[in-house]
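In case you want the letters, here they are:
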Amino acid sequence: MKIFRFRNRPFQIIWIFFTLLLLKCGPPEQFADTLFLHGKIITMDSDFSIREAIAIKNDKILAVGNNKEISLLSGPNTKEINLGGKTIIPGIIEGHVHPIGASRSEYYHQIPDVHSIGEILQWIHAEAVKRDTGVWIIFPKFFATRMLEKRQPSKAELDSVAPHNPVFLDGSYGGMINSKAMQVSGISTISKHPGILKDKNSGKPTGLIRRSAFKLLSISQDKNLDEKARLNLLKEMLQLYNEVGITSICSGGGTPEDLQLFKKLFDSGDLSVRVFQNLYIPFDPHISLDEMRTSLGEFNFTTGDGDNWVKVGALKTHVDGGILTGTAYLREPWGKGAFDIYGINDPDYRGVLSLNKEELIRIITVSDEFGWKFTAHVTGGGGVDVLLSAMEEVNKISPIGNKRFSIIHGNFYTSEAIKKMVKLGVYADMQSAWFFKDADLLNLALGEQRIKTFHPYYSLMNAGVIVNGGSDHMVKLDSYTSINPYNPFLAMWSVVTRKTERGSIITPDEAISREQALKMYTINNAYASFEEDIKGSLELGKLADLVVLSEDILTCPEDNIKDIKVLLTMVGGRVVFNKNLDN
Ligand SMILES: [Zn+2]
């Protein structure tokens, strides 16, 4: 019977030597700090081994095996935890979150969990009563398509509840403003702007705006948090991540200042989650290749810089808009079904493509030259195809196969796109919250045929594409009601069942197994940050990042997966969250 898993032969020999030494004379330095015994350890190693017990020493895994073997590592100062049959999985690695923005999102005002036009209007009215005349009322990451009515509130409705306050419902790539917002921002007087949507008959602005018009809004940035407050909020946000078992994250996009913020938390001993921080390209994407070279040459980072706690991630750019604002760049026109929902009235409209193929080739080329892993936000299938064809061109000159380039979101993958991804070694950075929350709406907007290519987990994995799990958490704090919900068990339940928030089951043949779902949130995300040798599975010598669960995720009734609770989270041998597991 195999007891331990070994990475390679020399390591195996050294380990056997130490074990013999230990059994003979019991050198105290080989006693574990902590033992978890009598459990079900889902190791996520390459054989998907299940063990009974695990030993931790300092910040690493000392051994994984059966109770008898692991008990031998107990010394006078070892803490023994009897799991009583409970399940341990490797620490959850979250593939795509925005914790800095999210941590501050409810600092000044709580953001309600709204589901209908009535609820959002009620909230705006209540805020208008509380706030002085002229003070902005902003709802960040407001996706009208998630409302029961599947539409934006009209300008008239917004005016009726807040006639004297500018209102902005910010949906990242599109939004809605009221008359007061237009007036104070001078939008009422602008005759032509691609980001300001107008009524076909009257020619007047409808209140709907696209991202390019966001900069016209005269929002006063008078409230600035000092650094101490920002650090504290971030620390608390990361602790909430620990509560649902998250031990590492890929921070979806940010600046060198964001990277510093995580480093400062680490320096003060307050960082409880490991961070792989993607950075936005530090140049205008439309400049020449040489200008990009100059700009990136002055950037003091590259992918992989840092340590096990805070590491520089990929270089990131944006290819298109978003699926919830009708700005994702699709393969075909959005079509009739989308007209009412998104206020689109151009029958040829496919979405907003921010970068063309040539610009992408330049950005990817320069990223590659400077040793960066490259990634891009793209939400529509048309954007996916443009991005993949740009990657194909770069690949002809400098092979990208082992560089772990990725597509963030992607959402719509045809079999042709999947084939190209396999050929290029590009992986899919998916956030199943977009499926869980929005598949019903997109089904309605785009029709049954196109929805078949939406979040095709089984097709991607079956073809050999590595699929990563994340949430795109941006706003609010609660793991189930945030935008987007970042609860990993909710996400895993959704990819296993293909069930949505509205109770439908969409394209059930794209469901994946529980084991595959776990992979998305553990070893696959470790691969994404080039760290599969140090984390993502529970194996000898790897970082002691693990989670104790309330239920066995492999055998519990399927619908219980979403309600699984975390009882204990350990990061680097340190317990960062503990609920009811004190013995
Ligand atoms: Zn994001």
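Residues numbered from 1 in each chain as written. Predicted model: local features only at pLDDT ≥ 70, side-chain atom pairs only at ≥ 80, totals over all residues.

**Here's the deal with helix α12 (residues 381-397)**
Inclusion rule: Going along the chain from the N terminus, every DSSP run of H or I of four or more residues is numbered as a helix, and every run of E of two or more is numbered as a strand. To estimate the expected span of a helix, count its residues, drop one, and scale the result by 1.5 Å. Whether a residue is buried, exposed or partly exposed follows from its count of other C-beta atoms within 10 Å of its own C-beta, namely 20 or more, 12 or fewer, or something in between, respectively; the C-beta atoms are built from the backbone. Remark: residues whose backbone-derived C-beta atoms lie within 7 Å of one another are considered to be in contact.
With 17 residues, α12 extends 25 Å from end C-alpha to end C-alpha; this agrees with the ideal 24 Å at 1.5 Å per step. Buried residues of α12: Gly381, Gly382, Gly383, Val384, Val386, Leu387, Leu388, Ala390, Met391, Val394 and Asn395, and no others. Its buried side turned inward, α12 meets α11 (357-369), β17 (374-378), β18 (406-409) and α13 (415-424).

**A closer look at the domain arrangement of the protein**
We count it as follows: For the domain bounds, the source is a domain assignment made automatically or taken from a database.
According to the domain assignment, the protein consists of domain 1 (9-91 + 543-578), domain 2 (108-216) and domain 3 (227-528). Using only C-alpha atoms to locate each centre, domain 1 and domain 3 end up separated by 32 Å. At the junction of the two partners, domain 1 supplies 19 residues and domain 3 supplies 21 residues. Where the side of domain 1 that touches domain 3 is concerned, the elements lending two or more residues are β7 (87-90), β22 (566-571) and β23 (574-578). Among the elements that make up the side of domain 1 that touches domain 3, the one with the highest residue count is β22 (three residues).

**Comments concerning the sheet that holds strand β11 (residues 174-177)**
Note the following rule: Pairing between strands is defined by DSSP: at least two bridges between them are needed. Every axis corresponds to a line fitted to the C-alpha atoms, with the helix fit spanning only the stretch in contact, and the corresponding angles, defined between N-to-C directions, vary from 0 to 180 degrees.
Taken together, the five strands give an open sheet; going across it, the order is β9-β10-β11-β13-β12, and neighbouring strands pair in mixed fashion. Every interior strand has two partners, whereas the edge strands, β9 (137-140) and β12 (196-198), have only one. Averaged over all pairs of adjacent strands, the angle between their axes in this sheet comes to 25°, without regard to strand direction. Pairing of β12 with strand β13 (residues 205-210) involves two bridges; the strand directions are antiparallel. Looking across to β13, one finds that Ile196 is bridged to Ile209.

**Thoughts on the sheet that holds strand β15 (residues 274-280)**
Sheet strands associate in pairs through backbone hydrogen bonding, adopting either a parallel or an antiparallel arrangement. Strand order in the open sheet made by the eight strands is β8-β14-β15-β16-β17-β18-β19-β20, with parallel pairing throughout. The open sheet has two edge strands, β8 (92-97) and β20 (467-470), and neither has a second partner. Across this sheet, the average inter-strand angle for adjacent strands is 25°, counted without regard to direction. Sheet topology places β8 next to strand β14 (residues 246-251); four bridges connect them, and they run parallel.

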